[in-house]
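Chain by chain, the residues run as shown.
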Amino acid sequence: MNLSEITNGLNDKQCQSVTLNNEKNALILAGAGSGKTKVLIHRIAYLITQKNIHIDAILAVTFTNKAATEMCERLSMLLRRPITNMWIGTFHSLAHRLLRTHYEQAQLTSNFQILDAQDQFRIIKNLMKENNIDESKFPIKKVQQFINNQKNKGIRLQDIDSSYNYFIKKSLKVFELYEVHCKTNDLIDFAELLIRSYELLKNNVNLLNYYKDLFKHILIDEFQDTNMIQYKWIKLMFSGNNKVFCVGDDDQSIYGWRGANIENITKLCTDFIPIKTIRLEQNYRSTNNIITASNALIAHNTSRMGKSLWTNASDGELIDIYEAQTEIDEANYIIRSIQKLITNGSLPNDCAILYRLNTQSRIFEKELIKYNIPYIIYGGLKFFERAEIKYALSYLRLIENSDDNLAFERVVNFPTRGIGNKTVNKIRTFAQNNHISLFQSTIQISSTLSTRTANALNGFTSLIKKMKNDTKNLDLSEKIVNLLNISGLMAHYSNDKTSNKKENLKELITEAKKYKQNNNMNEVIGFISLASIDSDSNTNALSNQNVQLMTMHSAKGLEFPYVFLSGMEEGLFSSRQSKNEPHLIDEERRLCYVGMTRAMKKLSLSYSIKRFLHGDFLYSDPSRFLSEIPDEYLNRIKVKSNIIIKSYNNNNIFQSITPKSDNQLHIGALVKHAKFGLGTVLNFEGQGNSSRVQIKFKQAGSIKWLISSYANLEFI
DNA sequence: TCACAAACCCTTTTT
DNA sequence: GGGTTTGTGA
């Protein structure tokens, strides 16, 4: 393959990044929509085909598992050959791979389990209960966060100074209990994956040297969202003989709350000398209005690395700002706008509704159903986090390893089989006292209990044994089919016509069929681990026909022709908890920037004066971010109502919407508007209720797009 | 022990 | 508003 095939279609800066020589490390500051994924993929292809780097010598880190899969697919298209077993994935999944491969040196057994956030929460909760730590004084979430924060900084329990305040002291106590629990049960939480694999390498020089030598090139996407332990991990892997290639955008750092450390970008420039910084600033995604408005917004942040997007695209339409009376009104406005777009030939999946909180999706869902528009909601409860899936996987885990206590607790009485809390408590105590698993404890204890209870317990243990036996020689998906039937899970859910739990279980079978292990990992263990780490496999075959609903966080990296940013209110976006914290407000602003720059053709913002949220009515001011976007890019829309609404900013001119009037539309027509005065029609599009008119008003020379059916225009 | 109801709690974003 | 815990009767 020759060079031109790889550099073809790249702009100067992209090309420069892709073909950077081997002398230097690289930091690619890539703005939104500047083609950074393309650069990464072409860079890998360049290294392989032009520099004879073996694919195994490349370590590529992505932000999500989905991104890794996509990159693999695109790379294999570019190289015209299948890519298998490449070292590509999230930090977590790469760390996982290392730990599975070298589990002994990491002081683990071969079937260690990964705890997701839910499991971790339950364990902490139980430990606190057992040790009489009052959860009203020490909220479990806070304690959980404390533990994860430490690990994400690479700090171990023994490194923490215990002479702190009361909360920290108590948290340390829980931390200690938790660590012991995880160790004895062979459990690894998300943060532990990172810190443990870091220590694995750090403490095994031979191993470290092997990987340092193996990975000639380390490429990292979304570098602005790396946390401290991840940074240490990269630094450890860096030998000076290999090279790092980091792509990121400090303006899109939105995971600070999860330990992401935006300073890592600046640290990179001093720790990885010599390093070449290249800025990708040409945007290929959005209209000029969207870009300049977004630039204006993000300019309000201090301490940026400095970067300014530009585009060759035309101005495009103005950015709509809709002022809603209530959240229902807001949803209704957005859904009607989408319906108009669809009637005018757009596809539902061209439209995305973005929001700050997952809970906001409910109201949109309601309206979409009302208007019979297909939609898909991303996020919220992930597929593998659903209760029915967790039950099924717990049975699978018990078949694989009967001593899995978490799995045991989840399904011992589900579907209900007469083993209540009292009995389980006895099992727990006996297990603790004798240092055995809950499953073993059950077997030993049953004869000492009443016949009824003993029967129930024996029923359960023999059920698991039977499953184990029956499924011994079956492959993964057949195992799952089998356990769903024997356990009674399928039967339990088949009576439930109101939910799609049964469909979800069937979907699990499909997922299992699709699953191929990509290294020498045990199939069942691999699948279970995948279920913990790769939570976003809720992709739906029909998703390209659906309006897309998701949080702004999960929209990162995506693009849509029509984007609706909803709930632009102080206290919601920016969020209440970031108030008075300048660095948190900055992160909210970056989130807003991310949201805005998702839009290709048209961006619509909206806020509501009154909103029902968390069971209460909220009256909020419009988001501060709205006033940070210069008025010249905005088209303010508000419903004309009998209620007089105070304008929050005297400079704002509101476009009024009133019910439909006659129209005699043609280009050049002279019109009169109640607020803007006389103007000429420059252009119009759409028909009937959905048509929009572009008018040049004499007053102030402004040009505006108005919805003709609402604009109350007088034709002269 | 179970099933249902009432009371009670929280309330950001996710690998 | 909804998930979870607690209380009640069967």
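Every value quoted in this text rests on a predicted model; they were computed, and no experiment measured them.

As a further point, take the overall build of chain A. If you tally the helices and strands in chain A, you get 26 helices and 23 strands. A burial count over chain A gives 55% of its 716 residues as buried. Here chain A displays about 32400 Å² of accessible surface, and carbon together with sulfur accounts for 49% of that area.

Turning next to the UniProt feature "binding site: ATP" (unreviewed entry) in chain A. UniProt's feature table lists "binding site: ATP" (unreviewed entry) at Ala30, Gly31, Ala32, Gly33, Ser34, Gly35, Lys36 and Thr37, given in the numbering used throughout. Apart from residues no more than four positions distant in its own chain, Ala32 is found in contact with Asp249, Gln252, Asn283, Arg285, Leu309, Thr597 and Arg598. Along the polypeptide, Thr37 turns up in helix 3 (residues 36–50). In this structure Thr37 comes out as partly exposed when scored by relative accessible area, which is 28%.

Here we take up the protein's contact with DNA strand C. Close to DNA strand C lie Lys125, Arg362 and Phe612. Here a phosphate oxygen of DNA strand C sits 2.3 Å away from a polar atom, N or O, in the side chain of Lys125. At 2.4 Å from a phosphate oxygen of DNA strand C is found a side-chain nitrogen or oxygen belonging to Arg362.

Two faces, one strand: in a regular strand the side chains alternate between the faces of the sheet. In terms of burial, strand 14 (residues 599–608) is largely enclosed, as eight of its ten residues are buried. In terms of strand pairing, strand 9 (residues 319–324) meets strand 14 through five bridges, oriented parallel. Bridging across to strand 14, Asp320 finds its partner in Ser604. In this sheet, strand 14 lies alongside strand 13 (residues 560–565) in parallel orientation, the contact comprising five bridges. Bridge pairing in strand 14 links Val563 to Leu603. On the question of chirality, the crossover connecting strand 13 to the parallel strand 14 by way of helix 25 (residues 582–596) is right-handed.

Now for the protein's contact with DNA strand B. For DNA strand B, the set of nearby residues contains 26 residues, the closest of which are Arg356, Gly418, Thr423, Gln577 and His614. Interatomic distance of 2.6 Å between a side-chain N/O atom of Thr423 and a phosphate oxygen of DNA strand B. Of the residues belonging to the surface near DNA strand B, the class tally is six nonpolar, 14 polar and six charged.

A separate point is the sheet that holds strand 8 (residues 275–280). Note: strands within a sheet are paired through backbone hydrogen bonds, in either parallel or antiparallel orientation. If you walk across this open sheet you meet the six strands as 3-2-6-7-1-8, and the pairing is parallel. Each edge of the open sheet carries a strand with a single partner, namely strand 3 (87–89) and strand 8. If you compare each strand with its neighbour and ignore which way they point, the axes differ by 10° on average. Relative to strand 7 (residues 243–248), strand 6 (residues 217–220) runs parallel, the two sharing four bridges. Opposite Leu219, over in strand 7, you have Phe245 as the bridge partner. Contacts from helix 5 (residues 91–101) reach strand 2 (58–61), strand 3 and strand 6 within the one sheet, and its direction differs from that of strand 3 by about 135°.

Here we take up the packing of aromatic side chains. Geometrically, a pair of aromatic rings is defined through the distance of the ring centres and the angle of the planes. The tally for this structure, following the rule as stated, stands at 19 aromatic pairs. Where Phe384 meets Phe527, the ring centres are 6.2 Å apart and the plane angle is 80°; that geometry is what we call edge-to-face. Of this pair, Phe384 sits in the loop between strand 11 (375–377) and helix 16 (387–400) while Phe527 sits in helix 24 (residues 523–533), placing them 143 residues apart in sequence. Neither Phe384 nor Phe527 differs from the other in exposure class; each is buried. By the ring-pair criterion, three or more aromatic residues cluster together here, those being Trp87, Tyr210, Tyr211 and Phe215. When the ring centre of Tyr255 is taken as reference, the NZ or CZ atom of Arg258 above it lies at 4.5 Å.

Right, let's talk about the packing of helix 7 (residues 140–152) against helix 8 (residues 166–185) for a bit. Running from N to C, helix 7 and helix 8 cross one another at 75°; their axes reach a closest spacing of 10 Å. When the axes of helix 7 and helix 8 are compared, the pair comes out roughly perpendicular. Judged by residue contacts, Lys142, Val143, Phe146, Ile147, Gln150 and Lys151 of helix 7 engage Phe167, Ile168, Ser171, Leu172, Val174, Phe175, Tyr178 and Glu179 from helix 8. When the residues that make up the contact of helix 7 with helix 8 are grouped by side-chain class, the tally is nine nonpolar, two polar and three charged.

Further remarks concern helix 24. With nine of eleven residues buried, helix 24 is to be regarded as a mostly interior element. Here helix 24 has its buried residues at Val524, Ile525, Gly526, Phe527, Ile528, Ser529, Ala531, Ser532 and Ile533.

Before going further, it helps to examine the pattern of salt bridges. Scanning all chains against the criterion turns up 35 salt bridges. Through salt bridges with shared partners, one network takes in Lys151, Arg156, Glu179, Asp189, Glu192, Arg196 and Glu199.

A few words now on the nonpolar core. In terms of nonpolar packing, the biggest core is built from 45 residues, with Tyr395, Leu396, Phe460, Ile480, Leu484, Leu508 and Phe527 touching the most fellow members. Of all the elements, helix 16 adds the most residues to this core, at eight residues. If we skip the residues at most four places from it in the chain, Phe460 touches Tyr395, Leu398, Phe408, Val411, Val412, Arg417 and Ile419. Residues Trp87, Ile114, Leu207 and Ile220 belong to the second largest nonpolar core, which totals 42 residues.

Looking now at the confidence of the model for chain A. Of all residues in chain A, 87% have pLDDT values of 70 or greater, and the mean over the chain is 84. Contacts of residues 641–663 to residues separated by more than four positions or lying in other chains number 54 contacts, the stretch itself having pLDDT below 50.

Here Asn295 lies in helix 13 (residues 288–298). Judged by relative accessible area, Asn295 falls into the buried class, the value being 15%. Apart from residues lying up to four places away in sequence, Asn295 is in contact with Ser308, Leu309 and Tyr593.

The next point concerns the environment of Ile319. In this structure, Ile319 sits in strand 9. As a C-alpha pair, Ile319 and Met550 span 231 residues in sequence and 20 Å in three-dimensional space. Non-local contacts of Ile319, meaning those with residues more than four positions away in its chain, are made with Asn289, Ile290, Ala293, Met596, Leu603, Leu605, Tyr633, Leu634 and Asn635.

Basis of the calculations
Residues numbered from 1 in each chain as written. Chains lettered and ligands numbered in written order. Predicted model: local features only at pLDDT ≥ 70, side-chain atom pairs only at ≥ 80, totals over all residues. Heavy atoms only, no water. Helix = DSSP H or I, 4+ residues; strand = E, 2+ residues; numbered from the N terminus. Buried < 20%, exposed > 50% of the residue type's maximum accessible area, 1.4 Å probe, protein only. Areas by Shrake-Rupley, 256 points an atom, 1.4 Å probe, with all protein chains shown as cover. UniProt positions renumbered as here; feature names shortened; annotations may be inferred. Contact = heavy atoms within 4.5 Å. Near = heavy atom within 4 Å. Polar contact = N/O pair within 3.5 Å; in protein donor to acceptor, adjacent residues only side chain to side chain. Pairing = 2+ DSSP bridges. Right-handed = clockwise from strand over helix to strand, strands pointing away. Nonpolar A, V, L, I, M, F, W, Y, C, P; charged D, E, K, R; others polar. Axes fitted to C-alpha atoms, helices over the stretch in contact; angles between N-to-C directions. Phe/Tyr/Trp six-rings, centres within 6.5 Å; stacked < 30°, edge-to-face > 60°. Lys NZ or Arg CZ within 6 Å of the ring centre and 35° of its normal. Parallel < 35°, antiparallel > 145°, perpendicular 65-115°, else oblique. Salt bridge = Lys/Arg side-chain N within 4 Å of Asp/Glu carboxyl O. Core = buried A, V, L, I, M, F, W, Y, C linked by side-chain atoms within 4.5 Å. pLDDT = per-residue confidence, 0-100.

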